[in-house]
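Geometric and topological summary
So you can see what is in the structure, the chains are spelled out below.
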Amino acid sequence: MSLHLWNSRFSITVVRQCSTIFTSSSGILKLQHTAASSSNFGASSQTQRREMSNQPRGSRDSSGSGGQGGAGGAANVPGFQHPHCDRQAMYDQPVRKQRTKGGSYDYDLIVIGGGSAGLACAKEAVLNGARVACLDYVKPTPTLGTKWGVGGTCVNVGCIPKKLMHQASLLGEAVHEAASYGWNVDDKIKPDWGKLVQSVQNHIKSVNWVTRVDLRDKKVEYINGLGSFVDSHTLLAKLKSGERTITAQTFVIAVGGRPRYPDIPGAVEYGITSDDIFSLDHEPGKTLVVGAGYIGLECAGFLKGLGYEPTVMVRSIVLRGFDQQMAELVASSMEERGIPFLRKTVPLSVEKQEDGKLLVKFKNVETGEEAEDTFDTVLWAIGRKGLVDDLNLPNAGVNTQKDKIPVDSQEATNVANIYAVGDIIYGKPELTPVAILAGRLLARRLYGGATQRMDYADVATTVFTPLEYACVGLSEEDAVKQYGADEVEVFHGYYKPTEFFIPQKSVRYCYLKAVAERHGDQRVYGLHYIGPVAGEVIQGFAAALKSGLTINTLINTVGIHPTTAEEFTRLNITKRSGLDPTPATCCS
C-alpha cells in the first residue's frame, strides 16, 4: 500500500510491502510483513514515486517482475487467492501507460464527469504530472428543474444528503426514546422540513465550493459544459457562452447515471426522483415510493422517521442483488414500523387532480387486479440509467452495452486512448468508494508508472434503512450457486442491542450471519448484519474477509462488550443444525 501525504512544500512517500496472509492447518492466521519508507523534497519526489511503483508489491501491486505485465506477469501472480477475488484476471495482461506529449494536444487527459470517480482521477493525474481538464454538466430534472454544483451524485443527490436525512430521522426516534432514559421530552417535538432541507443544502453547497477550490489549487481546469465526442481525440464542449473544441491524448469517461422514469402517462410530468427529494421546497406528505431497491427503501425509511406516510410499491423482489433472507428481514422491519408494501404491483398512470393531489392507478401483476389511491408525492426509484446518450460515443468508436460502457480489468474501453470509471461502467458495483479508488488507480497507472488494478470483489456496502443492513462478500444464494449447498455452512444468530432494552424497542429483526466454507479451514465467503450503525460494524470485518478470514479466527476473536459488532464473534449455531439461534442471555 502506498500513502502520499501532500502539502505545498513537501511530500512524504511511505511504502509498505504488502502483507502475506495465509491460514495454517490449525486455522490460525499468520501475518508477515516488511516495511520500507523514504522521504524526499522538491521535484525529485515524482521520480522516486515512479521508481517505487515499478517495484513488485506482492498481492497488492504486481503484474510480474519489475512491474511488467503480459504472460510473464501472469506467472508471478501472488499465491494468496480469495475464493471470489480473481487476481489472475487482474494481472493477466500488460498495463497500458499513456505518456505526455507536450504540445501535441490541448491536454494530456480530459475527464468527462465531475463526480467521485472523475474528480479522483483528475486530481491524481495532475499529481503525477499530467495536464488535465475536467468537464462537468448537470441537466436539470424534467419535473422540477433541479440542478446542482460540482461533485456528482454522491455529494449532491446521493450518499451525503441521504445520510443526513437518515440521521435526522434517527434523531427524531432517539428524542422520543430519551423519555425512557429519564429525559423530560416535550411530546410536541416535530421536524421542520424546510429547515432540514435548508441545512442539508447549505452543507452541500459548502462541499461544492471546497471542491472547486481544491480543483483550482491542484491545477485541474474545470470546464462547466456538456461534452460530446468529435473523434477519439477531440471533444466538443457546449458552454453557456457557446461551443469550444478541445483535444486530449487520453479521455476518461466518468459521467455516472441518473434515475429512470417509467414509461407511463404522467410519470415525468408529476413524479420526482432522488434527484429532487433532498431539495424539495415543500413537505412530501403522503408519498408513494415506486421501487424497492436500496434508494427506494432508504427514502421511504427516512420519510417515515420524519413523520410522513410513505408506501413502497414492489414490482418483483426487495433489494435485488442482495441476500434475499436479509432483504426480507429489512422489509419486514419497515412494515413493523408502519410502512406498507404493495407487493407484485406496477404503476399504470399518474394524474394530477384539482386539489393538487396525485391519483395513481396501479395493477397487481399476479392477479391482474387494478386499484388506485391518491398521494401528495410520487417518487420514482426504479433504477438508474447510464448517461451515454449525449456523448456521441460512435464518433469515437466506443462500444456500449445497454446504457453502460464495458471495460477490461484496466478500465479500458475498446478504443486505445479512452477509459471509463465509476457508475458508467458495465457490471461493476455502483458505489462511491469504488469509483474513487478506481479513478485514482487508473491515473496512477496512466501517469505514475504504477501497475495496481482495481479489485471489485468483496466490496462492503450498507443500506441505510431505519434498521440498517450491511454486508460484504457473497450472499447465501450466490455461495450455494458457486460452491453447492453441501459445501456451504451458514452460522447465524439473533441478538439484542443493549441500547434497545430500556425503550423496549423491537429486536425481532436484529440478525446476522456468516456464510462460510463447510469443510477445511471454513473460510468466510460473506458476512451480513442487520441492526444499528451497520456500516460502522461491517467495515472492519470487510478488511478481515479480504484477508482470508476463517470461522476459526472469527469465533476465537475476543469481542468488545457490550457492542453489536461482537455478535459476529459469538456465532456458533449453524442453519444446518436446526438449533434455535435466539440468545437466552447477553453476558454468558
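Notes on the structure in this doc start here.

Reading guide: rules and limits
Going along each chain's sequence as written, the residues are numbered from 1 onward. Per-residue local features are limited, in this predicted model, to residues with pLDDT of at least 70; the limit for side-chain atom pairs, both in listing and counting, is 80 or more; totals at the level of whole chains, interfaces and linings are taken over all residues. To get the side-chain values, all heavy atoms of the structure are used, and hydrogens and water are removed first. Only DSSP runs of H or I covering at least 4 residues are called helices, and only runs of E covering at least 2 are called strands; the numbering of each starts at the N terminus. In this description, contact between two residues means that some pair of their heavy atoms is separated by no more than 4.5 Å. Geometry of aromatic contacts follows a simple scheme: Phe, Tyr and Trp rings, the Trp one being its six-membered ring, pair when their centres are within 6.5 Å, and the pair is stacked under 30 degrees between planes, edge-to-face over 60, tilted otherwise. Remark: exposure states derive from per-residue accessible area (1.4 Å probe, protein chains only) relative to the maximum for the residue type, with buried under 20%, exposed over 50%, and partly exposed in between. To obtain each axis, a line is fitted to C-alpha atoms, and for helices this fit is confined to the stretch in contact; angles are then taken between N-to-C directions over 0 to 180 degrees. Put simply, angles under 35 degrees are roughly parallel, angles over 145 are roughly antiparallel, angles from 65 to 115 are roughly perpendicular, and the rest are oblique. Left-handed describes a crossing in which the near helix is turned anticlockwise from the far one by less than a right angle; the clockwise case is right-handed. Polarity classes work like this: nonpolar for Ala, Val, Leu, Ile, Met, Phe, Trp, Tyr, Cys and Pro, charged for Asp, Glu, Lys and Arg, and polar for all others, with Gly in that last group. Residues forming no salt bridge and having over 30% relative accessible area are the ones grouped into patches, like charges within 9 Å of each other and nonpolar side chains (Val, Leu, Ile, Met, Phe, Trp, Tyr) within 5 Å. Note that accessible areas follow from Shrake-Rupley with a 1.4 Å probe, and for residues the cover is restricted to the protein chains shown. Salt bridge, as used here: a side-chain nitrogen of Lys or Arg that lies within 4 Å of a carboxyl oxygen of Asp or Glu.

Inspection of the secondary structure assignment puts Leu 391 in the loop between strand E21 (384-386) and helix H12 (393-396). Taking the C-alpha atoms as reference points, Leu 391 and Ile 253, separated by 138 residues in sequence, lie 9.2 Å from one another. Discounting chain neighbours no more than four positions away, the residues touching Leu 391 are Ile 112, Gly 227, Ser 228, Phe 229, Ile 253 and Val 255.

The description of two aromatic rings rests on the distance between their centres and on the angle between their planes. Within the structure shown, the criterion is met by nine aromatic pairs. Ring centres of Tyr 495 and Tyr 529 lie 5.7 Å apart, and the angle between their planes is 20°; on these two criteria the pair is classed as stacked. Remark: Tyr 529 occurs in strand E27 (residues 524-531) and Tyr 495 occurs in the loop between strand E25 (488-494) and strand E26 (511-517); sequence separation between them is 34 residues. Taken individually, Tyr 495 and Tyr 529 each receive the classification buried, so the pair is uniform in this respect.

The next subject is the packing of helix H4 (residues 116-127) against helix H13 (residues 432-447). Direction vectors running N to C along H4 and H13 enclose 30°, while the axes themselves pass 7 Å from each other. Classified by the angle between their axes, H4 and H13 sit roughly parallel to one another. Every pair of crossing elements has a handedness; the one defined by H4 and H13 is right-handed. Where H4 abuts H13, its residues Ser 116, Ala 117, Ala 120, Cys 121, Glu 124 and Ala 125 lie against Thr 432, Ala 435, Ile 436, Gly 439, Arg 440, Leu 442, Ala 443, Arg 444 and Tyr 447. Of the residues contributing to the contact of H4 with H13, the split by class is nine nonpolar, three polar and three charged.

What follows is about a nonpolar patch on the surface. Judged by side-chain polarity, Tyr 181, Trp 183, Phe 501 and Ile 502 come together as a nonpolar surface patch covering roughly 470 Å² of accessible area. One can find Ile 502 in the loop between E25 and E26. Classification of Ile 502 by relative accessible area gives partly exposed; the value is 47%.

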